[in-house]
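# Architecture at a glance
Next come the chains, spelled out residue by residue.
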Amino acid sequence: MAGDLFLSTPLLLPLILTWIVPVLAHEHHGADLTEEQLHAPVDAVLWIHIALQAIVWGLIFPVGMVLGLARSRWHVPVQSLAFALTFGGIVLGHAHGGRQFPSSIHSHIGSWILVPIFAQLGLGIYLKLHIHERTLRPYAVRAHGILGRIWPILGWVQGLFGVITLRGFCGEVGAGQCAAHYIMGSGFIAYGMIMALLLVVGDNWVRRSGRSPEWWDSWVIMLWGIVNTFTEHHGGEWSAKDMQHTILGILWWAGGALGIFLSRNNQRNVVPGVIIILTGWAMSDHAQDLMLSTKVHSMFGYSLMLAGFARVLEVCFIPLPSSPLLERPPLDDNDSEHTLAPSALKDTGVAAKLNAVRAFRHLPPFLLVASGLLFMSATDEELEAAHEEGIDHVTYVLSMYSIAFLFYLLTIFLLHLYSTSGRNASSAQQPNVVFSAEGIELSNTDASKWYTPLSREEGTSAAAHVLGEDEDD
C-alpha cells in the first residue's frame, strides 16, 4: 500500500505544479488596500485554509516525521497525504475573498516555504528509487533527515506569523515586545518538550552521552543569558524593564556557568531549577499597565516557579529510571539468578514507588509548556484585545492551560508513537524479552515457571512428552 501510494506521487507533480504556479505569480497586497478590505469579515475559504494548515503542520506532518524516525512503512503514505493537503492549503490561502491583508512575513514565508517542501519531496522520491547506494544516497539520507527534523520548527514559526497577520498584532510599536515574548515563550515550550523527550525515550541517550541532564540545561541557559544581556537595551535612557530584562540575562549566564561546572563528572545539580524559580519570581512581580496583564504575568511567574520547584525535587529525590532488570528488588534465598525467568516481584511497594517516579517526572515539562504559552499570550496587544472583549484573567489563564494540556498531549502521543511503531514495534510488543535466538527466549516476566513455552504454529501439533516415558533403561 505504501509503495503504491508513493509511486503515484510523480503522477501528481504536474497537477501540483498547476496549483503552485499561480501561487508564485500571485501579487501580495501592499499599502493600496482600502479600509473596507482591511476590515472585511474573514470568509469561509480563509477559515478552511487556517484549519487545514493547522491540522497538516500541527498533526499530520509531525506524525509522519515520527514514523520516519521509527522506520515505519506508514511514513511515506502519511507524508504524501500531508504534502497533498498542504499544497491545497497554500492555494486556498491565496484564493480567498473577504478580508485582505498587507504584505507580511507570513505571506513571504508562505512562498519561500515551497523551497524546503519541494526539496524534501524530491529527496523522498530519490531515496525511494534506491539508486547510487554507495555514492550519493548516504548524503541524501542525511539531508532528508535534517530537513525532516526542522519541519516542526517551520510549521511553528509560520503558524505564529499567521496568527499575528490575522489579528493585526506586532506592528512597528509592538514588534520588539512580540519578539521578546514569542521567542522566550517558544523557548520555554521547547525546553519542556525536550525534557519530555528525555523522560520518555531519551534516558539511554543521556547515559551514553556521559553528561547529566543539568549539563545540557546549563549550557542552554548560559548561552541564552549571554544573548539576552546584550539585546534588551536599545540605546537611550535605561528603563526599569530594561534593567530587569538585562539582569535576568546576567542571572542566566552566571548561573548557567555554575551549573556547567557542578555538572562535571556526570553529576546532577539544582542550579537550573533555582534559575527557573528566580526567573518566575521576577516575572510574577513584573510591573504592568493593565490589571489583566499584571494577573497573567503573575500566573506565568507562579507556573514557572512551580516548574522550578518540581525540577529541584526531581533532581534531589527522584532517581533517573534504570533498565527493567535493575528496577527489580534483590533476589532472596528462594530465588536464583541463573533461572531463565526470575520470580515475581514480591515487594509491591517498589512497583508503587516506580510508578510514582514516572508520574512525577511529567510535572516539570508540562509546567514549562504552560509557562511558555502564558508568556506568549501576555503581550500588551493581546491582553488589550482580551480586555476589550470583557475576558477576565481567570478565563484567560485557564484557556492557556487548556491549550497547554493539548500541547503536552500531542507531545506525549508522538513520543509514544515513536516507541511503539516501526523498528520499535517488536520491543514494545514484547517488553520483557531480553534475549531471543534459535527459538529460545530469555524473559524477565513475572512468571512462576523457570521458562515460558513457545506457542506452536497454527496447524501443527505434537504429543506431550512425559519425563521418564521414553528414557533408556
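The residue count restarts for each chain, going from 1 along the sequence in the order it is written. Residue-level local features of this predicted model are given only where pLDDT is at least 70; pairs of side-chain atoms are given and counted only at 80 or more, and the full residue set underlies all totals for whole chains, interfaces and linings. In computing side-chain properties, one takes all heavy atoms of the structure into account and sets aside hydrogens as well as water.

### Description of the overall build of the protein
- Summing up its helical and strand segments, the protein has 19 helices and two strands in all.
- Among the 473 residues that make up the protein, the fraction classed as buried is 39%.
- Only heavy atoms enter the contact rule, under which two residues are in contact if any of them lie within 4.5 Å. Here the analysis covers contacts within the protein between residues at least 6 apart in sequence; of these, 78% occur between residues at least 24 apart.
- Roughly 27,800 Å² of accessible area belongs to the protein as shown, and the carbon and sulfur atoms make up 66% of that amount. Every helix listed is a DSSP run of H or I at least four residues long, and every strand listed is a run of E at least two residues long, numbered separately from the N terminus. Relative accessibility under 20% of the residue-type maximum defines a buried residue, over 50% an exposed one, and the middle range a partly exposed one, all with a 1.4 Å probe and only protein chains included. Only the protein chains shown count as cover for residues, and all accessible areas are computed by the Shrake-Rupley method using a 1.4 Å probe.

### Structural notes on the environment of Val315
- Along the polypeptide, Val315 turns up in helix α14 (residues 291–317).
- Through-space distance from the C-alpha of Val315 to that of Glu214 is 9.1 Å; in sequence the pair is 101 residues apart.
- With near-sequence residues (within four places) excluded, Val315 lies in contact with Glu214, Arg268, Asn269 and Val270.

### Topic: the environment of Trp216
- Within the secondary structure, Trp216 is located in helix α11 (residues 213–229).
- The exposure class assigned to Trp216 is partly exposed, which follows from its relative accessible area of 33%.
- Taking the C-alpha atoms as reference, Trp216 lies 9.9 Å from Pro272; in sequence the two are 56 residues apart.

### Observations concerning the state of the cysteines
- When two cysteine sulfur atoms are found within 2.5 Å, that pair is recorded as a disulfide. Summed over all chains, the structure comprises one disulfide.
- One disulfide in the model links Cys170 with Cys178; its S-S distance is 2.0 Å. Linking Cys170 and Cys178, the disulfide has an S-S dihedral of approximately -85° and is accordingly described as left-handed.
- In this structure Cys170 comes out as buried when scored by relative accessible area, which is 17%.
- Taking relative accessible area as the criterion, Cys178 reaches 4% and is therefore assigned buried.

### A look at helix α7 (residues 114–129)
- One less than the number of residues in a helix, times 1.5 Å, gives the span that helix is expected to have. Taking 1.5 Å as the rise per residue, α7 with 16 residues should run 22 Å; its terminal C-alpha atoms sit 23 Å apart, in good agreement.
- Turning to α7, its buried residues are Leu114, Pro116, Ile117, Gln120, Leu121, Leu123, Gly124, Ile125, Tyr126 and Leu127.
- Downstream of α7 by a residue or two, His130 has a phi angle that is positive, lying close to 55°.

### Considering the side chain of Thr86
- Among the structural elements, Thr86 can be located in helix α5 (residues 75–95).
- With relative accessibility at 1%, the residue Thr86 sits in the buried group.
- Separated by 3.2 Å, the side chains of Thr86 and Gln53 make a polar contact.
- Among all residues touching Thr86, those that are not within four sequence positions of it are Gln53, Val56, Trp57, Phe61 and Ile117. Any pair of nitrogen or oxygen atoms within 3.5 Å is treated as a polar contact; in protein, a donor-acceptor pairing is required on top of that, and neighbouring residues in sequence qualify only through side-chain atoms on both sides.

### Notes on the packing of α14 against helix α18 (residues 393–420)
- Relative to each other, α14 and α18 sit at 40°, their axes nearing to 9 Å. Relative to α18, α14 is oriented oblique. The hand of the α14/α18 crossing is right-handed. Contacts between α14 and α18 pair Leu292, Lys295, Val296, Met299 and Ser303 from the former with His393, Tyr396, Val397 and Tyr401 from the latter.
- Each residue gets one label: Ala, Val, Leu, Ile, Met, Phe, Trp, Tyr, Cys and Pro are nonpolar, Asp, Glu, Lys and Arg are charged, and the others, such as Gly, are polar. For the contact of α14 with α18, the class distribution of residues is six nonpolar, two polar and one charged. Angular values range over 0 to 180 degrees, each being the angle between N-to-C directions of two axes fitted as lines to C-alpha atoms, with helices fitted over their stretch in contact. Angle categories are assigned with fixed cut-offs, so that under 35 degrees is roughly parallel, over 145 is roughly antiparallel, 65 to 115 is roughly perpendicular, and the rest are oblique. Crossing handedness: left-handed means the near helix sits turned counterclockwise from the far one by under a right angle, and right-handed means the same turn made clockwise.

### Some details on the packing of aromatic side chains
- Put simply, two rings from Phe, Tyr or Trp (the six-membered ring, in Trp's case) pair if the centres are within 6.5 Å, and we call them stacked under 30 degrees between planes, edge-to-face over 60, tilted for the rest. Tallied over the entire structure, the rule returns 15 aromatic pairs.
- Between Trp215 and Trp219, the aromatic rings sit 6.1 Å apart at their centres with planes inclined by 65°, giving edge-to-face as the arrangement. Pair noted here: Trp215 and Trp219 are both in helix α11, with a separation of four residues, about one helical turn.
- Classification of Trp215 as buried rests on a relative accessible area of 16%.
- Among the aromatic residues, ring-to-ring pairing joins Trp57, Phe61, Phe83 and Trp151 into one connected group.
- Between the NZ or CZ atom of Arg211 and the centre of the ring of Trp215, over which it lies, the distance is 4.4 Å.
- For a ring to carry a charge above it, either NZ of a lysine or CZ of an arginine must fall within 6 Å of the ring centroid while also lying within 35 degrees of the normal to the ring plane. Over the face of the ring belonging to Phe261 we find Arg264, whose NZ or CZ atom lies 4.1 Å from the ring centre.

### Points about the packing of α7 against helix α8 (residues 137–167)
- Two elements in contact, α7 and α8, have axes separated by 10 Å at closest approach and are oriented at 140°. By the angle class used here, α7 and α8 are oblique. At the point where α7 passes α8, the crossing takes the left-handed sense. In this structure, α7 uses Pro116, Ile117, Ala119, Gln120, Leu123, Gly124, Tyr126 and Leu127 to contact α8, whose residues at the interface are Arg137, Ala140, Val141, Ala143, His144, Leu147, Gly148, Trp151 and Leu154.
- Of the residues contributing to the contact of α7 with α8, the split by class is twelve nonpolar, four polar and one charged.

### Quick look at a negative patch on the surface
- Patch criteria: residues need more than 30% relative accessible area and no salt bridge. Like-charged residues are merged within 9 Å; nonpolar side chains of Val, Leu, Ile, Met, Phe, Trp and Tyr are merged within 5 Å. By definition, a salt bridge exists where a carboxyl oxygen of Asp or Glu is found within 4 Å of a side-chain nitrogen of Lys or Arg. Charged-residue counts in this description rest on Lys and Arg as positive and Asp and Glu as negative, His and the chain ends being excluded. For charged residues, the charge sits on one atom: NZ in Lys, CZ in Arg, CG in Asp, CD in Glu. Residues Asp289, Glu384, Glu388 and Glu389 make up a contiguous surface patch of negative charge.
- You can see Glu389 is positioned in the loop between α17 (380–388) and α18.

### Quick word on the confidence of the model for the protein
- pLDDT measures how confident the predictor is about each residue, on a scale from 0 to 100. A residue-level look at the protein finds 77% of positions with pLDDT of 70 or above and a mean pLDDT of 79.
- Here residues 444–462 is a poorly scored stretch, pLDDT under 50, and it has 23 contacts once near neighbours within four places are set aside; other chains count.

### Concerning the nonpolar core
- Grouped together as the largest cluster of nonpolar side chains are 45 residues, with contacts concentrated most on Val296, Phe300, Leu368 and Tyr401.
- For this core, the elements supplying multiple residues, two or more each, are α8, α9 (175–200), α12 (240–262), α13 (271–284), α14, α16 (363–376), α17 and α18.
- With residues near it in sequence (within four places) discarded, Phe300 still touches Phe188, Met283, Ser371, Leu374 and Phe375. In this text, buried Ala, Val, Leu, Ile, Met, Phe, Trp, Tyr and Cys residues form a nonpolar core when linked through side-chain atoms within 4.5 Å.

### Some thoughts on unusual backbone geometry
- Despite not being glycine, Arg71 has its phi angle at roughly 55°, a positive value.
- With respect to the helices and strands, Arg71 occurs in the loop between α4 (44–69) and α5.
- Arg71 gets classed as exposed once you look at its relative accessible area, which sits at 56%.
- Located in the positive-phi region is Cys170, a residue other than glycine, with phi close to 60°.

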